[in-house]
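Architecture at a glance
So the chains spell out like this:
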Amino acid sequence: MTFPQPWIRAFMPTAVLRRLRDGPAHGYAIAQSLESLGFGRPKGGSLYPVLGKLEDAGLIQAHWTQSESGPGRKTYAITAEGEAELATHSAQLDQLRASLFNDPATRKDTK
């Protein structure tokens, strides 16, 4: 399943954080895992700006690592701040899902 483009743009940062919660990864591995989550295979022009913004915000860290064959590559890892941000996003998405679909008790209807 592939999600609609507006969803992909909106949730790409959260999906990257979610992927990095499983352990450090380089850009290509992140792109592969996002594809398996329904984001399609993001191109460098959409993935690397997200990685840069997450790094600038202190939610991930990047380190150059040696490659067994070829040049080194950047490896990304989630920070404690990124873990906290991911937990916040997860809670917000749970609230949104509940209010939209299945739990009328969690909705705050104003009549």
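Conventions used here
Residues numbered from 1 in each chain as written. Predicted model: local features only at pLDDT ≥ 70, side-chain atom pairs only at ≥ 80, totals over all residues. Heavy atoms only, no water. pLDDT = per-residue confidence, 0-100. Helix = DSSP H or I, 4+ residues; strand = E, 2+ residues; numbered from the N terminus. Expected span 1.5 Å × (residues − 1). Buried < 20%, exposed > 50% of the residue type's maximum accessible area, 1.4 Å probe, protein only. Core = buried A, V, L, I, M, F, W, Y, C linked by side-chain atoms within 4.5 Å. Contact = heavy atoms within 4.5 Å.

With respect to the confidence of the model for the protein
Interpretation of this model should avoid reading the predicted coordinates in detail wherever pLDDT is low. Looking at the protein as a whole, its pLDDT mean stands at 88, while 90% of the residues score no less than 70. When mean pLDDT is compared element by element in the protein, strand β3 (residues 73-78) scores highest at 95, while helix α2 (residues 27-39) scores lowest at 90.

Regarding α2
Across its 13 residues, α2 extends only 14 Å between first and last C-alpha, which sits more than 12% below the 18 Å expected from 1.5 Å per residue. Here α2 has its buried residues at G27, A29, I30, A31, S33, L34, G38 and F39. Note on α2: the residue one or two positions beyond its end, G40, has a positive phi of about 65 degrees.

Focus: the nonpolar core
Nonpolar side chains in soluble globular proteins tend to end up buried together. Within the largest apolar cluster, 22 residues are counted, with the highest numbers of intra-cluster contacts made by V16, L20, I30 and L34. Those elements giving two or more residues to this core turn out to be α1 (5-21), α2, α3 (44-56), β2 (60-65) and β3. Top contributing element to this core by residue count: α1, with 6 residues. Leave out the neighbours within four places in its chain, and V16 touches I30, L34, L47, V50, L51 and L54.

As for helix α4 (residues 80-102)
With 23 residues, α4 ought to run about 33 Å at 1.5 Å a step, and its terminal C-alpha atoms sit 32 Å apart, in line with that. The elements touched by buried residues of α4 are α1 and β3.

Focus: the environment of T14
Within the secondary structure layout, T14 lies in helix α1. With a relative accessible area of 13%, T14 lands in the buried category. Linking T14 and E85, residues 71 residues apart in sequence, is a C-alpha distance of 8.4 Å. Residues in contact with T14, not counting those within four places in the same chain, are L86 and H89.

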